[in-house]
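Each chain is listed here by its residues.
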Amino acid sequence: MNAVVVISLPSLVAGDITAAWLSNRFVACVGRSLMIFVVYYHRFPVNFTVRSPMPHDHAAPAWRSNPGPSRPRTAPRFYAGKSSCPALHQRTAYCRPPGFFWPEQGDHGFPATTQHRDTETQMKQRVITPLLALALLSGTALADASYVQREEVRTFVRTMEEKHGFDGGEVLVALDRARHEPDVIRLISPSGSPGVRSWQRYRARFLDSARIVGGVAFWQEHAATLQAAHERYGVPPEIVVAIIGVETYYGRNTGNFETLSALTTLAFDYPPRARLFLRELENLFLLAREQRRDLFSYYGSYAGAIGYPQFLPSSIRSYGVDFDHSGGIDFDLEPTDAIGSVARYLAEHGWVRGEVVAEPARVTPEADLQALVDAGIKPALTPEQLAQAGVTSLDGTLRATPATLVDLATPDAGTEYWLGYQNFYTITRYNKSSFYAMAVFELSQALREQQKTETASVE
Ligand SMILES: [Ca+2]
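Quantities reported herein were computed from a predicted structural model and do not represent experimental measurements. (Residues numbered from 1 in each chain as written. Predicted model: local features only at pLDDT ≥ 70, side-chain atom pairs only at ≥ 80, totals over all residues.)

Novice: Sorry if this is basic, but what is going on with the overall build of the protein chain here?
Specialist: Secondary structure assignment for the protein chain yields 19 helices and eight strands. With 459 residues in all, the protein chain has 34% of them scored as buried. Considering only intrachain contacts with a sequence separation of at least 6, the fraction spanning at least 24 residues in the protein chain is 71%. (Helix = DSSP H or I, 4+ residues; strand = E, 2+ residues; numbered from the N terminus. Buried ≥ 20, exposed ≤ 12 C-beta atoms within 10 Å, placed from the backbone. Contact = placed C-beta atoms within 7 Å.)

This is the structure in structure tokens:
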């Protein structure tokens, strides 16, 4: 007996918890569905149209002469869409105005001119009020508040409808499935106590031997594709490989955040960059429509960057290349499209074929280096300005091209100064950071050296 109690009690408790959870989810689901409908109806009343109880050819429906059990009393009959009952335009008999209803006993359709007395407003009140009450009563749905209840989200839905011709109901349903991701907010928020910037610490994250060896393997595996990208866009293989290596470790770390949820969270719950991420959310919807792909099939970083090259949706739409001619752009499974797209991105952001990226600078201690650094990341310093300030390349000469002075500071280890040219600036268009651009450049140089070494040892 005791044994039975010992075995049964946990089972009962577990059963209760399971039942409670299922019940909770069910109520949440029903409540949320009702809420979506209510919100949707109020905002987009034209899109929900009641199917006429009479066929539009005016033939008597089968149930008219037999309004018994064969006609469900409780099942709502409606469809969503732009088309509507002819009565809206022609005031033909047997059609109702738009609305949502449960059929009533003996309600077999009626001539619009005689029995149809309800105005649209009355219909709304009659139908929406109980629905709203039901939704409000489902406390779980409110506790588990979804995005669709928010005004700014509804504004976004209207924009997608009016600007891009989306079905508002579909957008709303998608956003209702999107989850608020607390981790996204945590990861994107600036640290409360930002550490001192250290170039050497940053560099060590990307210039380790495993990433160099992995990069050469990636290069060799995709040599033909990298060469094709080089020929078409002028960007050398080692730069493309280095970018993919820094971004995702050659596709190993592309991120596990559902892109729709990440971008929805950032667009509506992270005010400092809401504008940017609202635009990216808009682009994600457009991208999914263009690619005929499930909106929920995109995964990537907490910031909404996708696949091998970590492109945001707007960048995929603007710079993505179907480099393997498969009929679509795929950044998830295979890197060919990513290679072409990274090269195209750089080319369209000013990459100059065959030009140097950066070189170490020789500076004089008495020069006002900070003023030169503050001139900005864009190469705007003329050789004359640099010479006047006592800045040259290591051999004491200067190229006849504008440059930027890059400072790479490491606490307690001095600061490295580099001259960055147009191609250095182009890399910062991928990520606006001189540390980032220098890490990509140094990794590319290390890859080139390693590649040479391996090729020489094979020969
Ligand atoms: Ca493709």
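Novice: Explanation requested: the nonpolar core in the structure shown.
Specialist: The nonpolar side chains of a soluble globular protein tend to be buried, and buried together. Counting 88 residues, the largest nonpolar core has V240, I243, V342 and V440 as the members making the most contacts within it. When residues of this core are assigned to their parent elements, the largest contribution, nine residues, is made by helix α19 (residues 434–458). Ignoring any residue separated from it by four or fewer positions in sequence, one finds V240 in contact with L226, A229, V235, I339, V342 and A343. (Core = buried A, V, L, I, M, F, W, Y, C linked by C-beta atoms within 7 Å.)

Novice: Would you mind going over helix α9 (residues 209–221) with me for this structure?
Specialist: Counting along an α-helix, one turn takes 3.6 residues, and residues three or four places apart therefore face a common direction. For α9, built from 13 residues, the straight-helix expectation of 18 Å at 1.5 Å per residue is met to within 8% by its first-to-last C-alpha distance of 18 Å. Elements that come into contact with the buried residues of α9 comprise α10 (223–233), α11 (237–248) and α19. (Expected span 1.5 Å × (residues − 1).)

Novice: Which parts of the structure should I look at to understand the environment of E359?
Specialist: The topology assignment puts E359 in strand β5 (residues 358–362). When the C-alpha positions of E359 and W418 are compared, they lie 5.6 Å apart, and in sequence the two are 59 residues distant. The contacts of E359, once residues within four sequence positions are left out, are S393, W418 and L419.

Novice: Explain unusual backbone geometry here, please?
Specialist: Negative phi values dominate among residues other than glycine, just as trans dominates among peptide bonds. Positive phi is not limited to glycine here, since Y249 has a value of about 55°. Here Y249 is to be found in the loop between α11 and β3 (257–258). Judged by the 16 C-beta atoms lying within 10 Å of it, Y249 is partly exposed.

Novice: I keep staring at the confidence of the model for the protein chain and nothing clicks. Help me out?
Specialist: When pLDDT is low, close inspection of the predicted coordinates is not appropriate. With 68% of its residues at a pLDDT of 70 or more, the protein chain has an overall mean of 77. In this model residues 1–18 is a low-confidence stretch, pLDDT under 50, and it forms zero contacts with partners more than four residues away in sequence or in other chains. Below pLDDT 50 for its whole length, residues 42–144 participates in 113 contacts with residues either more than four positions away or in separate chains. (pLDDT = per-residue confidence, 0-100.)

Novice: Explanation requested: the pairing of strand β8 (residues 415–420) in the structure shown.
Specialist: Every other side chain in a regular strand lies on the same face of the sheet, so the side chains alternate between the two faces. As judged from the three bridges shared by β5 and β8, these two strands associate in the antiparallel manner. Residue pairing across strands places E359 opposite L419, the latter belonging to β8. Here strand β7 (residues 404–409) pairs with β8 via six bridges, running antiparallel. Residue pairing for β8: A409 is matched across the bridge by T415. Taking the residues that link successive antiparallel strands as the turn, the β7-β8 hairpin has five residues, and the phi of D412 there is positive, at about 65°. (Pairing = 2+ DSSP bridges.)

Novice: How should the sheet that holds β7 be read in this particular structure?
Specialist: Whenever strands of a sheet pair, they do so through backbone hydrogen bonds, lying parallel or antiparallel. What the four strands build is an open sheet, ordered β6-β5-β8-β7; its pairing is antiparallel. Each edge of the open sheet is held by one strand with a lone partner, namely β6 (392–393) and β7. With two bridges joining them, β5 and β6 adopt antiparallel strand pairing. Residue pairing in the sheet places R362 in a bridge with T392 of β6.

Novice: So what exactly am I meant to see when it comes to the environment of G354 here?
Specialist: Among the structural elements, G354 can be located in the loop between α15 (336–348) and β5. Among the residues examined, G354 registers 7 C-beta atoms within 10 Å and is labelled exposed. It is 9.6 Å that separates the C-alpha atoms of G354 and N423, two residues lying 69 residues apart in sequence.

Novice: Please explain the environment of Y270 as it appears in this structure.
Specialist: Turning to its location among the elements, Y270 is positioned in the loop between α12 (259–269) and α13 (274–291). Separated by 81 residues in sequence, Y270 and S189 place their C-alpha atoms 8.7 Å apart. Discounting residues that sit within four places of it in the chain, Y270 has contacts with I185, I188, T265 and F277.

Novice: Explanation requested: the packing of α9 against α11 in the structure shown.
Specialist: For the pair α9 and α11, the least separation of the axes is 10 Å and the interaxial angle reads 125°. Considered as vectors, α9 and α11 are oriented oblique to each other. Handedness of the α9/α11 crossing: right-handed. In this structure, α9 contributes R211, G215, F218 and W219 to the contact, and α11 contributes P237, V241, A242 and G245. Residue classes in the contact of α9 with α11 are distributed as five nonpolar, two polar and one charged. (Axes fitted to C-alpha atoms, helices over the stretch in contact; angles between N-to-C directions. Parallel < 35°, antiparallel > 145°, perpendicular 65-115°, else oblique. Left-handed = near helix turned anticlockwise from the far one by under 90°. Nonpolar A, V, L, I, M, F, W, Y, C, P; charged D, E, K, R; others polar.)

Novice: Help me understand α15, please; the structure alone is not making it clear to me.
Specialist: Across its 13 residues, α15 extends 18 Å between first and last C-alpha, which sits within 8% of the 18 Å expected from 1.5 Å per residue. When you tally the buried positions in α15, you get 11 out of 13 residues, the bulk of the element. Buried within α15 we find T336, D337, A338, I339, G340, S341, V342, A343, R344, Y345 and L346. Looking at the buried positions of α15, the neighbouring elements they touch are α10, α11, α14 (313–319) and α18 (422–430). Following α15 by one or two positions, G350 has its phi on the positive side, about 100°.

Novice: I would appreciate a short explanation of the packing of α18 against α19 in the present structure.
Specialist: Packed helices, taken two at a time, are described by the angle their axes make and the gap between the axes. With their axes 8 Å apart at the nearest point, α18 and α19 run at an angle of 115° to one another. Taken together, the axis directions place α18 and α19 in an arrangement best described as roughly perpendicular. At the point where α18 passes α19, the crossing takes the right-handed sense. Judged by residue contacts, F424, I427 and T428 of α18 engage S434, Y436, A437, V440 and F441 from α19. Along the lines of polarity and charge, the residues of the contact of α18 with α19 split into six nonpolar, two polar and no charged.

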